[in-house]
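Working through the structure, step by step
In case you want the letters, here they are:
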Amino acid sequence: MYANKEKAKHTHTEDRFYGAKRLKEIGTRFWSDHAARAYFLTMIGGITLAYYLLVEKQDRLRHQQGLVGPKERLTSLD
Amino acid sequence: MVLDVDETIVSYGDKAYRLRAALVPRPFLAELLDYLSSIDAEVILWSASSERYMKQVVHAIDPSGIRISHYITRDPIWMSRDHFYEKNLRWLGRDLNDTIFIENRAMSVRSCNQNAILVEDFVRGEYMENGQDYPQNDKALKIICQVIKDLETSRKSVPAYLSDKKVRVPDVKEIACHLAMRQMPDELAVGSFYFVGDKFKAGATT
């Protein structure tokens, strides 16, 4: 607004979709790269698999040990 | 020892009075918890409340953190979202012979009624005309404490102790399941509920 008075910044644009267009450009360039695509999708798949295995392990442990886990011995305060 | 929280060991009043926040413990709660920690019992609070509220309750009744071993709060892993949710002691993975459950809601303990003692709803008196907590002269937790002492000396399992009318504390009464809850299906209505106080009409065992 004030900083941009009389189009002081040389990068000034009136295009309100300028950012969206640049983002789209970057996305298109990213997805056209075979390696980047493979890396990104492998990461998503890997995280999903890890989460599934974690939940499955939690369920198995809960089934074995019950809702509150194994019994704890109270330690003395002193 | 598994304890329910709301209307069993504490009462928070109802929603209209939340601004005047006060958590009222049931009479003899401190004595019961002190006795349980003195015999090194595992005390579990099991409530359908939120975890935030449960932390407040634990902070209030056990500030030093040595009386309560675990707490269980509202979670879809055990609780259904209707009014028919239950608290099944088998899910805790503990020996049922050594586990006793104090509850105020018969529906919650329908699957482990052999190990459960029902108590009257403990309701904070602030929104009543006389301002007294209900029930008056409440000795339920004192009786529960006596039951624990008896269990220690008698060396019996909890279901055997509770079912034996000659051995158990005379204040613990029993009522047939189908009389306590009319809507209970026959396959679940096995045995009887044990209760303290005037929650049900005493002596109705058939």
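Residues numbered from 1 in each chain as written. Chains lettered and ligands numbered in written order. Predicted model: local features only at pLDDT ≥ 70, side-chain atom pairs only at ≥ 80, totals over all residues. Heavy atoms only, no water.

**Structural notes on the confidence of the model for chain B**
Which entries qualify depends on this criterion: Residue-level confidence of the predictor, termed pLDDT, takes values from 0 up to 100.
Here chain B shows a mean pLDDT of 88. Residues at 70 or above account for 92%. Overall fold confidence for the complex sits at a pTM of 0.80, while the interface term, ipTM, reaches 0.75.

**Section: the side chain of S47(B)**
Residue and element names in this part refer to chain B. Operational definition: Strands here mean DSSP runs of E at least two residues long; helices mean DSSP runs of H or I at least four residues long; both are numbered from the N terminus. With a 1.4 Å probe rolled over the protein chains alone, any residue whose accessible area is under 20% of its type maximum counts as buried; one over 50% counts as exposed, and the rest are partly exposed. Any pair of N or O atoms that falls within 3.5 Å is considered a polar contact. Within protein, one atom must be able to donate a hydrogen and the other to accept it, and sequence-neighbouring residues count only if both atoms are side-chain atoms. Contacts are residue-level and defined by heavy atoms, with any inter-residue pair within 4.5 Å sufficient.
Along the polypeptide, S47 turns up in the loop between β4 (44-46) and α2 (51-61). By relative accessible area, S47 is classed as buried at 2%. There is a polar contact of 3.0 Å between the side chain of S47 and the backbone nitrogen of S49. The contacts of S47, once residues within four sequence positions are left out, are D4, V5, M54, I72, T73, R74, W78 and K87.

**With respect to the interface of chain A and chain B**
How we decide: Buried area: the sum, over both parts, of the accessible surface (1.4 Å probe) that disappears when the two are put together. When a carboxyl oxygen of Asp or Glu is within 4 Å of a side-chain nitrogen of Lys or Arg, the pair counts as a salt bridge. Polar here means any residue other than Ala, Val, Leu, Ile, Met, Phe, Trp, Tyr, Cys and Pro, which are nonpolar, and Asp, Glu, Lys and Arg, which are charged; Gly is therefore polar.
Taken together, the contacts link 12 residues of chain A with 13 residues of chain B. Summing the contributions of chain A and of chain B, the shared interface buries around 1100 Å²; its carbon and sulfur component is 63%. If you look at where chain A meets chain B, you find 0 salt bridges. At the surface where chain A touches chain B, the tally comes to 2 residue pairs in polar contact (both at pLDDT 80 or more). For the side of chain A that touches chain B, the class distribution of residues is 5 nonpolar, 3 polar and 4 charged.

**What about helix α3 (residues 140-154) of chain B?**
Along an α-helix, residues three or four positions apart point the same way, because every turn accommodates 3.6 residues. Residues and elements named next belong to chain B. Heads up, the rule is: By definition here, a helix of n residues has an expected span of 1.5 Å times n minus one.
Taking 1.5 Å of rise per residue, the 15 residues of α3 would be expected to cover 21 Å, and the 21 Å separating its terminal C-alpha atoms lies within 8% of that figure. Among all positions in α3, only A140, L141, I143, I144, C145, V147, I148 and L151 are buried. If you follow the buried residues of α3, they end up packed against α1 (29-38), β6 (101-103), β7 (116-118), α4 (158-163), β8 (172-176) and β9 (192-196). Immediately beyond the C-terminal end of α3, within one or two residues, lies R155, with a positive phi of roughly 55°.

**Focus on the nonpolar core**
Residue and element names in this part refer to chain B. This is how the line gets drawn: To form a nonpolar core, buried Ala, Val, Leu, Ile, Met, Phe, Trp, Tyr and Cys residues must be joined to one another through side-chain atoms within 4.5 Å.
By size, the foremost hydrophobic cluster in this structure holds 39 residues, and its most contacted members are M1, L3, L45, I61, I100 and I144. Looking at this core, the elements with two or more residues in it are α1, α2, α3, α4 and β9. In terms of residues, this core owes the most to one element, α3, which gives 8 residues.

**Section: the sheet that holds β6(B)**
All names here are of chain B. Rule in force here: Note: two strands are recorded as paired if DSSP finds a minimum of 2 bridges between them. Only the stretch in contact is used when a helix axis is fitted, and all axes are lines through C-alpha atoms; the angle between N-to-C directions ranges over 0 to 180 degrees.
Judged by pairing direction, the sheet is mixed, and its 7 strands sit side by side in the order β5-β4-β1-β6-β7-β9-β8 without closing on themselves. Strands at the two margins of the open sheet, each flanked by one partner only, are β5 (70-72) and β8. Against the sheet, α2 makes contact with β4 and β5, and its axis sits at roughly 150° relative to β5, the strand it touches most. Against the sheet, α3 engages β6, β7, β8 and β9, with an angle of about 115° to β9.

**Points about a nonpolar patch on the surface**
Residues and elements named next belong to chain A. The criterion, for reference: Residues enter a patch when their relative accessible area is above 30% and they make no salt bridge; the linking distance is 9 Å between like charges and 5 Å between nonpolar side chains (Val, Leu, Ile, Met, Phe, Trp, Tyr). Here, Shrake-Rupley sampling with a 1.4 Å probe gives the accessible areas, and only protein chains in the shown set may cover a residue.
On the surface, a cluster of nonpolar side chains totalling about 810 Å² of accessible area is made up of F30, W31, Y39, F40, L41, M43, I44 and I47. Those elements that place two or more of their residues in the nonpolar patch are α1 (18-32) and α2 (34-65). Element by element, the count of residues in the nonpolar patch is highest for α2, at 6 residues. Structurally, F40 can be placed in helix α2. On the basis of relative accessibility, which here comes to 36%, the residue F40 falls in the partly exposed class.

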